[in-house]
Amino acid sequence: MHTKESNLKLVVAGLLLGILMSAMDNTIVAAAMGTIVSDLGGLDKIVWVTSAYMVMVMAGTPIFGKLSDMYGRKRFYIFGLIVFLIGSALCGTAASITQLSIYRAIQGIGGGALMPIAFTIVFDIFPPQQRGKLTGLFGAVFGISSVIGPLLGAYITEYVNWNWIFYINLPIGVVSFFLIIYFYKESVIHSKQRIDWGGAFTLVAGIICLMFALELGGNEYPWDSAAILGLFGGFAVFLIAFILIEKSAAEPVISFAMFRKRLFATSSILGLFYGSAFIVATVYIPIYVQGVYGGSATNSGLILMPMMIGTVVGSQSGGLLTTRTSFRNIMLLSAVCFVAGIYLLSTLTPDTSRLLLNVFMALTGFGVGFSFSVLSLSSIQHFDMRQRGSATSTSTFLRSLGMTLGITIFGIIQRNRFASELSTGLGGGDQASSFSDPRAALTPEARAQIPAPVLEKITNALSSSIAHTFLWALVPAVLTVVFVLLMPKDRLLPQGGQPAIDNERR
């Protein structure tokens, strides 16, 4: 028994390392992007570096989830890990932005396998009474990664070299590889099924069209240009084709039948709304801190620490509470805290104290933390081992989609509001257009060159635009409350396997 326990601990350690790597990758790269561009050039292609990774992660997630149900978790987790590490090693050697984008796509293929399969393995190997605690730990690592990534990226770029934001994955990944290879003994209960190639192709093609339409629209091309309208049109065509194929496929990549289970449907949609609102906090609070308070990128990473602590506490609390009450009760507390946190962030002004900002962040992090652990449990509650991979990957896919849509839509809102406020404050003309990029006021060196009255107007415009963006982020945040109320009163499955329903009197 002791040997088995120590083996399981090592398996969990290996999975945690894999999740940390893949979840942190986009945020760590974002922090180093300025230095990478100044080194490699290609500012016009910068969008591809992030998009290439995200497209492949989102496209690969449901496909790998399905394949792990069909042929086993271990082989596809290891496959994802190896591909991710090959991509990381190549990224560190990139000599141009184009090369880096291609290597990031390779990384993304691996990243799409790591996250959903890791959560599914935990559900496979641990009894119900331990799953809450474990998913709480996994959720905490997922939350930490979104906050610690920018800090680590800024630090490595400033004190080492940007190449090492990719090379740092290699020792972490190698340790994860050996722990899973040697200590994870997989049961052979999986089913041979037909691969839905038509569904896989139309899903990938549709996501690529949507991602690039959102990334390039308003930046590289006007929203009403032929290129952007063509990409949206392509997305619509592939989406319709995907739905038709999935309805008739014997073993679909994303099974619409899963959404007939109310707990799965509400849990997955909740992930989408939490992702779309929380990404605003992780992106715009550092910009607020740098642009309004002043300070370096490293300092702005540090100021996210209260949110990270709140996320860890929320995730752990959510995992532990699953053995005591229903998923709905836990998520109601989560959603109320999350809405309160996002609302308070929408009240930010240049006069908001750092202490208050820390409280707002901690509350937001605490609220979202529950979603990382509890929703990963509730989404696969009613599925057996042959369907868990597909269920986990579908809900992970929807959370990633929410984050992608959130950062794009709220990014447009923030940019437009900032430009409008700046034009009003500086009286339009060349002076306003010269500061249209908020990053102009972010570095201490740049701030020192700007006359005090102008700097005050820039910081006021930046603060107002970010607060306005948080106000809009209340829309998905409030929708989390709505969908929590639509959740059934199911509790974590007891050992017997039948769902426990919360008594009405609770």
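Just above, that's the structure.
Cut-offs applied
Residues numbered from 1 in each chain as written. Predicted model: local features only at pLDDT ≥ 70, side-chain atom pairs only at ≥ 80, totals over all residues. Heavy atoms only, no water. Helix = DSSP H or I, 4+ residues; strand = E, 2+ residues; numbered from the N terminus. Buried < 20%, exposed > 50% of the residue type's maximum accessible area, 1.4 Å probe, protein only. Contact = heavy atoms within 4.5 Å. Areas by Shrake-Rupley, 256 points an atom, 1.4 Å probe, with all protein chains shown as cover. Polar contact = N/O pair within 3.5 Å; in protein donor to acceptor, adjacent residues only side chain to side chain. Patch = residues over 30% accessible without salt bridge, like charges linked within 9 Å, V, L, I, M, F, W, Y side chains within 5 Å. Salt bridge = Lys/Arg side-chain N within 4 Å of Asp/Glu carboxyl O. Axes fitted to C-alpha atoms, helices over the stretch in contact; angles between N-to-C directions. Parallel < 35°, antiparallel > 145°, perpendicular 65-115°, else oblique. Left-handed = near helix turned anticlockwise from the far one by under 90°. Phe/Tyr/Trp six-rings, centres within 6.5 Å; stacked < 30°, edge-to-face > 60°. Core = buried A, V, L, I, M, F, W, Y, C linked by side-chain atoms within 4.5 Å.

1. A closer look at the overall build of the protein chain
Working step 1: Secondary structure assignment for the protein chain yields 18 helices and two strands.
Working step 2: Evaluated residue by residue, the protein chain yields a buried proportion of 56% over its 506 residues.
Working step 3: Counting only contacts in the protein chain whose residues sit at least 6 apart along the sequence, the fraction spanning at least 24 positions is 82%.
Working step 4: In the form shown here, the protein chain has an accessible surface area of approximately 20,400 Å², with 66% of it arising from carbon and sulfur atoms.

2. Notes on the environment of S145
Working step 1: Residue placement: S145 occurs in helix α5 (residues 128-159).
Working step 2: You can call S145 buried: its relative accessible area is 1%.
Working step 3: Taking C-alpha positions, S145 is 8.4 Å from D25, a pair spaced 120 residues apart along the chain.
Working step 4: Not counting the four nearest positions on each side in its chain, S145 is found in contact with L20, A23, M24 and T27.

3. Focus on the side chain of S346
Working step 1: Here S346 shows up in the loop between α13 (327-345) and α14 (354-378).
Working step 2: A polar atom in the side chain of S346 sits 2.5 Å from the backbone oxygen of Y343.
Working step 3: In this view, S346 contacts A467, F470 and L471; residues no more than four positions away in its chain are not counted.

4. Digging into a nonpolar patch on the surface
Working step 1: On the surface, Y155, Y159, V160 and W164 cluster together into a nonpolar patch covering about 470 Å² of accessible area.
Working step 2: Structurally, Y159 is set in helix α5.
Working step 3: Taking relative accessible area as the criterion, Y159 reaches 54% and is therefore assigned exposed.

5. Section: the pattern of salt bridges
Working step 1: By the definition in use, this model includes four salt bridges.
Working step 2: With a closest N to O distance of 2.7 Å, R73 and D69 form a salt bridge. Across this residue pair, the class does not change: R73 and D69 are buried.
Working step 3: In this structure, R388 and D124 form a salt bridge, with 2.8 Å as the shortest nitrogen-oxygen distance. Of this pair, R388 sits in helix α15 (residues 385-426) while D124 sits in helix α4 (residues 97-125); the two residues are 264 residues apart in sequence, bridging distant segments of the chain.
Working step 4: The exposure class of R388 is buried, given its relative accessible area of 11%.
Working step 5: On the accessibility criterion, D124 (16% relative accessible area) is buried.

6. Points about the packing of helix α10 (residues 262-293) against α13
Working step 1: Taken N-terminus to C-terminus, the directions of α10 and α13 make an angle of 25 degrees; their axes are 12 Å apart at the nearest point. The pairing of α10 with α13 is recorded here as roughly parallel in orientation. The chirality of how α10 crosses α13 is left-handed. Listed contacts from α13 to L263, Y274, A277, F278, A281 and I285 of α10 are F327, M331, S334, A335, F338, I342 and L345.

7. Let's talk about the environment of Y103
Working step 1: Mapped onto the fold, Y103 is located in helix α4.
Working step 2: In sequence terms Y103 and F84 are 19 residues apart; their C-alpha atoms lie 9.7 Å from each other.
Working step 3: Ignoring any residue separated from it by four or fewer positions in sequence, one finds Y103 in contact with G87, L90, C91, T93 and A94.

8. Topic: the side chain of N169
Working step 1: Among the secondary structure elements, N169 is positioned in helix α7 (residues 169-183).
Working step 2: Once you skip the residues sitting within four places of it in the chain, N169 turns out to touch M21, D25, F84, L85, S88 and Q107.

9. Things to note about the packing of aromatic side chains
Working step 1: Applying the stated criterion across every chain yields a total of 17 aromatic pairs.
Working step 2: Look at F259 and F264: their rings are 5.0 Å apart centre to centre, the planes differ by 65 degrees, and that puts the pair in the edge-to-face class.
Working step 3: A relative accessible area of 1% means that F264 is categorised as buried.
Working step 4: Both rings, one in Y288 and one in Y293, keep their centres 5.3 Å apart while their planes meet at 75 degrees; by these two values the pair is edge-to-face. Both residues of the pair, Y288 and Y293, count as buried.
Working step 5: An aromatic cluster is defined as three or more aromatic residues linked by ring pairs; in this entry it consists of F64, F76 and F79.

10. With respect to the nonpolar core
Working step 1: Judged by nonpolar contacts, the single largest core of 116 residues is most densely connected at L15, Y77, F138, I285, L357 and F470.
Working step 2: M24, V37, C91 and I97 belong to the second-largest nonpolar core, a separate cluster that totals 18 residues.

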